[in-house]
Amino acid sequence: MSKPSIPQGTRDFSPAEVRKRQYIFNTLRNIFETYGFQPLETPAMENLVTLTGKYGEEGDRLIFKILNNGLHEKKEDDKVKLNDEWNKVLSKPYSSPVVTERALRYDLTIPFARYVVMHQNELAFPFRRYQMQPVWRADRPQKGRYREFWQCDADVVGSTSLINEAELLCIYQSAFYQLKVPQVTVKINSRKLLAGISELCGTPELMMDITIALDKLDKIGWDGVAKELQQRGINDEGIAQVQKVIAVAGNNEEKLAALETIMQNSTTGLQGINELRQTLAYHKELADDAWDSKVEVDISLARGLNYYTGVIVEVTTSAVQMGSIGGGGRYDDLTGLFGLKDLSGVGVSFGIDRIYDVMEELDIFPKQLNTGASVMLVNFGGANEQYALQILKTLRKENIAAELYPDAVKFDKQMKYANKRSMAYVLLPGDEEREKNMISVKNFATGKQEMLSIEECIAILGTV
RNA sequence: GAGGUUGUAGCUCAGUUGGUUAGAGCAUCAGAUUGUGGUUCUGAGGGUCGAGGGUUCGAGACCCUUCAUCCUCCCCA
């Protein structure tokens, strides 16, 4: 028999890990709820056609497709066809509904758009929802990159107000403040600014190419970007324009002012600048002074998803070598893909697996998450076991988390188990205790032990 | 899709130019100790050295193939 294993890029989460992950989930959930977002869940799988074409060419390649399993092939002919088509399908990006018509969720935004279109008549717009579920990508796993990972998204659909953008910035700042992740920067940019740049270059149709090249600025430097721009068909004059734009420095307002001068002939570019200004103004009203992360205009921020149209954001921390830990933006016509026009949305996503990795590396999870706060009753068997069950019942009625060691095995073994489980208290319901209708309570941290009445015991354990 | 890394006990890893029966720490189990855990001490179990083939008198080590893993690029959270 071969050793058991799990698929590449997936992980088991042991109890201590789950507790830490839940700490992150709970923190985010609280914030989302505080900002008026409502919970939503969608299926792990979607129809393939729902997903294809939404994430760019590279994205399509990374969608996990589910092989049709015969449930839908009623005729023998169809089953033969399935076999024939399967080989062809393995060569991306070709796919055929004969072989696969379902796929695993790639992100939470597209399913959300699909949901909104399907439920448009029952929703109150603007609709604010948050969603925390796993997504799957057929990517090559590496540091901070998994094939199964969780996203926590908050989106507002049905409102073009930039207050929404400002609120989402606040959500990011509040979250990383509460989680105590240090050196966080929320980078903000606008697709309209990027469009403005490509206008300046005289090649508005090459916006995506310019964007992709620009995005690599902090990785390959200006020389690398210039080289890539050249390869992507931008002439020297255009490259000079791009250089002028990325040379812009200073604080956010100084950057925007400088860009305004450069972009004076681009209506789209100016529009982008105004949107950023307004967003930052709203944000200033809403932001808490205690939040220590920076919100920074970054003209080189691109983001690959091709449905973004307005403000785009991305979150990084310089405390750890790690890709972005969150991202999002405005999409003007997401639901249009599914037939519902003129509905604008904006949203952000938290990459909680990466946030976990960052927090783990920095060792900043609260310590008390690891220590069990529970109670164990030793099983002495016979009448004592019955007595223990009665106490167990009473404790649970008092909402005290407790367990009885199920087997009347050697005392030593039971104590070792309690120790390994980091029990806070161990209760000893033995002959003497039973006869006196009392219970010996041992504090497992201090080792101190005393015999108490059941009421006294509850009073002590209730504070754990 | 391209490039590299590492595969030896449940886990983390030693293992010399190829040489007897492949080791350690941790973990597990048992005992010291059948009403007192953590710290000790003693002992035990546990391996087709990732898999297949080749070279050799002899392979954990060298060669080929293959699988897995982690990392980098691409792209992304």
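Conventions we followed
Residues numbered from 1 in each chain as written. Chains lettered and ligands numbered in written order. Predicted model: local features only at pLDDT ≥ 70, side-chain atom pairs only at ≥ 80, totals over all residues. Heavy atoms only, no water. Near = heavy atom within 4 Å. Polar contact = N/O pair within 3.5 Å; in protein donor to acceptor, adjacent residues only side chain to side chain. Helix = DSSP H or I, 4+ residues; strand = E, 2+ residues; numbered from the N terminus. Nonpolar A, V, L, I, M, F, W, Y, C, P; charged D, E, K, R; others polar. Buried < 20%, exposed > 50% of the residue type's maximum accessible area, 1.4 Å probe, protein only. Arc of directions from axis to C-beta. Contact = heavy atoms within 4.5 Å. Axes fitted to C-alpha atoms, helices over the stretch in contact; angles between N-to-C directions. Parallel < 35°, antiparallel > 145°, perpendicular 65-115°, else oblique. Left-handed = near helix turned anticlockwise from the far one by under 90°. Pairing = 2+ DSSP bridges. Salt bridge = Lys/Arg side-chain N within 4 Å of Asp/Glu carboxyl O. Domains from an automatic or database assignment. Phe/Tyr/Trp six-rings, centres within 6.5 Å; stacked < 30°, edge-to-face > 60°. Lys NZ or Arg CZ within 6 Å of the ring centre and 35° of its normal.

## Some details on the protein's contact with RNA strand B
- Every one of the 39 residues lining RNA strand B counts as a neighbour, but R145, S324, R354, F411 and Q449 are closest to it.
- When atoms of RNA strand B within 4 Å of the protein are split into backbone and base, the sugar-phosphate part holds 51%.
- Here a phosphate oxygen of RNA strand B sits 3.3 Å away from a polar atom, N or O, in the side chain of K216.
- Put simply, the parts of the chain that give the surface near RNA strand B at least two residues each are β6 (148-157), α15 (411-420) and α16 (431-436).
- In terms of residue class, the surface near RNA strand B is built from ten nonpolar, eleven polar and 18 charged.

## Focus on α15
- Those residues of α15 lying buried are Q414, M415 and A418. Buried positions in α15, seen along its axis, are confined to an arc of 100 degrees and lie on one side of it. Turned more than 90 degrees off the buried face of α15, the exposed positions are K416, N419 and K420.
- Here the buried face of α15 lies against β12 (375-377), β14 (425-428) and β15 (438-443).

## As for the environment of M132
- Locating M132 in the fold gives a position in strand β5 (residues 127-136).
- Overall, M132 belongs to the buried group, its relative accessible area being 13%.
- Expressed as a C-alpha distance, the spacing of M132 and N235, which sit 103 residues apart in the sequence, is 45 Å.
- If near-sequence neighbours (up to four positions away) are discounted, M132 is found in contact with F25, R29, F32, W150, Q151 and C152.

## Let's talk about the packing of helix α14 (residues 382-397) against helix α17 (residues 454-461)
- Look at α14 against α17: their axes get within 11 Å of each other, and the N-to-C directions meet at 45 degrees. Compared by their axis directions, α14 and α17 come out oblique. Crossing handedness for the pair α14 and α17: right-handed. Mapping the contact onto sequence places Y387, I391, T394 and L395 in α14 and I454, I458 and L461 in α17.
- Class assignment for the residues of the contact of α14 with α17 results in six nonpolar, one polar and no charged.

## Concerning the pairing of strand β7 (residues 184-190)
- Among the seven residues of β7, seven are classified as buried, and the element is accordingly described as predominantly covered.
- By the alternation rule, side chains of β7 split into V184, V186, I188 and S190 and T185, K187 and N189, which are all buried.
- Strand direction decides the pairing type here: β7 and strand β9 (residues 311-317), joined by seven bridges, are antiparallel. Its bridge partner lying in β9, T185 is registered against T316.

## Comments concerning the pattern of salt bridges
- Taken as a whole, this structure holds 22 salt bridges when the rule is applied.
- Here K416 and D412 are joined by a salt bridge, their closest N and O atoms 3.5 Å apart. A residue pair is termed a helical-turn pair when its members lie 3 or 4 positions apart in one helix, as K416 and D412 do in helix α15 at four residues.
- Residues joined by salt bridges that share partners form a network here, namely D209, K216, E228 and R232.

## Brief notes about the domain arrangement of chain A
- Domains assigned within chain A are domain 1 (15-64 + 106-362) and domain 2 (371-461).
- Domain 1 and domain 2 are separated by 52 Å when their C-alpha centres are compared.

## With respect to the sheet that holds strand β4 (residues 102-104)
- The strand order β2-β4-β3 describes an open sheet built from three strands, whose pairing is antiparallel. For this open sheet the edge positions go to β2 (45-47) and β3 (65-66), each flanked by a neighbour on one side alone.
- Across two bridges, β3 lies against β4 in antiparallel orientation. Bridged to I66 within β4 is R102.

## Observations concerning the sheet that holds strand β1 (residues 38-39)
- Within the open sheet, the eight strands sit side by side as β1-β5-β6-β11-β10-β9-β7-β8. Their pairing is mixed. Both edges of this open sheet fall to β1 and β8 (294-297), since each of them pairs with a single strand only.
- The sheet contacts of helix α6 (residues 163-178) involve β5, β6, β7, β8, β9, β10 (326-331) and β11 (345-351), and relative to β11 the element is tilted by about 15 degrees.

## Some thoughts on unusual backbone geometry
- Residue P126 follows F125 across a cis peptide bond; omega there is -5 degrees.
- Examined against the element boundaries, P126 turns out to sit in the loop between α5 (109-118) and β5.
- Positioned with a positive phi, D342 is a non-glycine residue whose angle comes to about 55 degrees.
- Within the secondary structure, D342 sits in the loop between β10 and β11.
- Looking at D342, the relative accessible area reads 75%, which means it is exposed.
- The phi dihedral of N437 falls on the positive side, at around 55 degrees, and the residue is not glycine.
- In this structure, N437 sits in the loop between α16 and β15.

## Let's talk about the packing of aromatic side chains
- Evaluated as defined, the whole model comprises 15 aromatic pairs.
- Ring-pair connections join several aromatic residues into one group, and the members of that group are F32, Y130, Y172, F176 and F350.
- Here the basic side chain of R21 rests over the ring of F13, its NZ or CZ set 3.7 Å away from the ring centre.
- Positioned above the aromatic ring of F112, the side-chain terminus of R129 is 4.1 Å from the ring centre.

## What about the environment of K54?
- Mapping K54 onto the fold places it in the loop between α2 (48-51) and α3 (56-61).
- Taking C-alpha positions, K54 is 7.6 Å from I110, a pair spaced 56 residues apart along the chain.
- Each residue touching K54, except ones within four places of it in the same chain, is listed here: V49, D60, I110, N306, Y307, L337 and F338.
- Only 3.4 Å separates the side chain of K54 from the backbone oxygen of V49, close enough to count as a polar contact.
- Of note is the side chain of K54, whose polar atom sits 2.9 Å from the backbone oxygen of T50.

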